[in-house]
Amino acid sequence: MKKFWLIIPIFLVWFLSSEKQVESFSKPSESVLQKETALSPETQPTQEKTPTPSEWWGVQRYHEIQTESFDSPLGRTLVYSFSQNGVPIIGMNIRLKERSDGALIEEENSYRPISEIPIHRNVLEEQATHLKSQSGRYQLDGLTADSLVILVREGLKEGELAFATSAVDKARPGVPTQLLIRSDDGKILRKSLGRKEF
Amino acid sequence: MKLHLAHTALFLVSLLTTGCGMRRSHSGGLEINVQALNLQTLRDFRLDRFSQGPQAYLVIPNPIDSPQLKAFDFSPSAFQHAQVAVGLPGLQTYSALDNSFLKIRVHSQFDSSDLLVKPQELTSATSNIQDPKYSQVMAYHAVSSISDYVKALGFSIDQSRQLYVMVRSNTNPEQSTTSQTSQEINAYYVHNTLQPQKPRYIQLFGDVQYPLGADRDVYWHEFGHLFNESISASRGIDDAGEKGAAFTEAGAIHECLADYLSETASQKGYIGRWAARNLSDIKPNYPLRAALSLNDSKNRFSSVATYQTSQGVPEKYDVAEWCTRVLWDIRSQFEKENKETGAFLSDRTIFAAVGMLKKNASLVDFKNALLDSDKSLNQGSHVSFISNVFLTRGFPDRGTPLGQPLRLQATAVGFKEFNNQIYSVTPNTSADEIFFSIAISNPNSGTARNVRAQIVSSDPAVIPYVDFQAYGDLAGGASIRITGTQYKDFLNSVSLALDKRAASGRARARFYLKVSSENAPETTLPLELGL
Ligand SMILES: [Zn+2]
């Protein structure tokens, strides 16, 4: 019986120390709150305004944000992806993971304030036509100037314009391939053979 | 008094278990968690009661597994007798089986309207199981029902892009010409990761006697891949597989979960008994794969996951099948605890674990995620059971720590296409793609777990294509060798291309080849190639 009373204070100490773990998990939300108070006096001196995600993360005005939310019994994942003039940007996004009680437990941020890329549709049409007409390793029948993306790669300060397309690889003709092709010189920047079979 | 003390202690224990980091849960106890399930939907689903929307008549899940048919019988009267009414909820157009998310087609995204089933002709569309119209109705029923099932478990589906299901797909589902119909008997899920403007596809191939499109399990498996990507918010749990890796544990996990979804939702514990009738190498009445323990080699980890000189890398689907047996053991335990809700709670625990997986996840990651998921959702009441199941199925976890790093030798080999032929060339910017002739050996006496090769580079002049390949478990003293003279000899290697423009005037590009495993020190080989 006495042993029970001994165990209880130990439990209490352990419980309190494990509460600190909760706080360390919640750190990203604290940093968000700090930014919130830091931003409010500058942006809206008289009103209390909740900062937008753009303000929190310094998202450039020419970058549009798309938000997706995924629910699970353990909580919610929010994914912010970006585009410029409607052109999707591949290679940078922000992911927030919330526990089911709403506490932020993880933040992954690969957003970079890359410069605005000039998009000249007529030039892109010419580039797409040129790339299709070239005979090379990949048959690019499906390539169109509309399926344009901006790719952000590690080690480069700026994004690159690329066409996203399905292709036939002459080295593996039976395996459907998807490519990101740099628009101005046809360099293959990414390759995917992504399909899941039965 | 005694009772009072015990209550105090129990209260503190419960605070303790719910108070640590990720384990803390707002809803608390198991009963509240059960209430979070949409039990009515789940019960109806289990009984194949789908009453919402216009009624169609289908043999579910397929004629060979239909509870209405005692023996496999193709006669028109038996077929008609086995058809049951299912509702098709949420139809939104008069021209096809469509809603804002789900689009059912035959060959391509751009089929002519005469090929497509209209909601007002559901009865005539389902009179002949070999008719692609029958498959269209099955496709709509299958995808909408499994979608409702996972939502009732508490998950959401990525509906940011439309999902096109082609029940007799062209090789290229964007081309409407039917001349390209594939001879293959298979089904794919295509996430179109690199093409954000494109929809997602489920493609079924093969105009065969036992059409895959007439089997609900096939859609449930393919939908399982979309579900995996939804739970993980497209984080790339099988990123390497997407890029073309021949084998990774993550690829096996993806297939395992897709099978498990179909197997648990159908309560059968196996998949593809109907589709397998088209395949001569599978014995009559045997399924394609089973989560139930069959008398075969898929029950123990070492027999599916070991690198063998004669056969090469492990077969992804064998590792997946082993993994489904682990999950089925877990499901059986939950069901033993509660016949009514056990399987639902098992599904919820297993799929919630998928949301914790990182990019290129390993089976050790998956096991740990299952344990964490159980701690969060069920107060850890299955932690020792889950650990034991992995052990019983021969999973060595990270294995015994090894003292020596694995040995790595690598030589770059360039390939270039010219006049429709692929030639070996100097590995520089003139090559379309540069592979590596690789030799990895294990100098230790113990097995190295989950051996992987990876290109590591922050140099933008290096463009990794296949940046990660896995080879399975490598026995003590054994070696992996990937070499040859032709492109096809290197499909198990890693590959890259060089980009002179991004080199800022440098003459050489630098990167590393890294070999890692769960239990040996990492090996890093610095390499450079001339631009
Ligand atoms: Zn699959």
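Cut-offs applied
Residues numbered from 1 in each chain as written. Chains lettered and ligands numbered in written order. Predicted model: local features only at pLDDT ≥ 70, side-chain atom pairs only at ≥ 80, totals over all residues. Heavy atoms only, no water. Donors = N, O, S within 2.8 Å, 3.2 Å for Na, K, Ca; no water. Tetrahedral: all angles 85-135°; square planar, octahedral: opposite > 155°, others 65-115°. Helix = DSSP H or I, 4+ residues; strand = E, 2+ residues; numbered from the N terminus. Buried < 20%, exposed > 50% of the residue type's maximum accessible area, 1.4 Å probe, protein only. Domains from an automatic or database assignment. Contact = heavy atoms within 4.5 Å. Buried area = accessible area lost by both parts, 1.4 Å probe. Salt bridge = Lys/Arg side-chain N within 4 Å of Asp/Glu carboxyl O. Polar contact = N/O pair within 3.5 Å; in protein donor to acceptor, adjacent residues only side chain to side chain. Nonpolar A, V, L, I, M, F, W, Y, C, P; charged D, E, K, R; others polar. Pairing = 2+ DSSP bridges.

Binding of the zinc ion to the protein goes through Glu-197 of chain A (O), His-221 of chain B (NE2), His-225 of chain B (NE2) and Glu-255 of chain B (OE), at separations of 1.9 to 2.1 Å. For the zinc ion, the four donor atoms in the first shell make angles of 97 to 138 degrees at the metal, so the coordination geometry reads as irregular. A residue pair is termed interchain when its members come from two chains, as with Glu-197 of chain A in strand S10 (residues 196-197) and Glu-255 of chain B in helix H9 (residues 249-265). On the basis of relative accessible area, Glu-197 of chain A is assigned to the partly exposed category, the value being 26%. Taking the relative accessible area as the measure of exposure, Glu-255 of chain B reaches 0% and is therefore buried.

Residues and elements named next belong to chain B. Segmenting chain B into domains produces domain 1 (2-392) and domain 2 (407-530). Computed from C-alpha coordinates alone, the two centres of domain 1 and domain 2 are separated by 35 Å. Taken together, the 18 residues of domain 1 in the interface contact 18 residues of domain 2. Between domain 1 and domain 2 the total buried area reaches about 1400 Å² when both faces are included, carbon and sulfur atoms providing 52% of it. The interface formed by domain 1 and domain 2 contains two salt bridges. The interface formed by domain 1 and domain 2 contains seven residue pairs in polar contact (both at pLDDT 80 or more). Considered class by class, the residues forming the side of domain 1 that touches domain 2 number ten nonpolar, six polar and two charged.

Quick look at the interface of chain B and chain A now. Facing 80 residues of chain B, the contacting portion of chain A comprises 68 residues. Taking both partners together, chain B and chain A bury about 6400 Å²; carbon and sulfur atoms supply 59% of that area. Between Lys-196 of chain A and Asp-238 of chain B there is a salt bridge, and its shortest N-O distance comes to 2.5 Å. If you list the elements that add at least two residues to the side of chain B that touches chain A, you get helix H1 (2-18), strand S5 (186-190), helix H7 (216-231), H9, helix H12 (342-354), helix H13 (363-378), strand S13 (462-464) and strand S16 (495-498) of chain B. Examining the composition of the side of chain B that touches chain A, we find that eight residues originate from one element, H1 of chain B, more than from any other. Taken together, the two bridges between S10 of chain A and S5 of chain B define a ladder with antiparallel strand orientation. Looking at S5 of chain B, one finds that Lys-196 of chain A is bridged to Tyr-189 of chain B.

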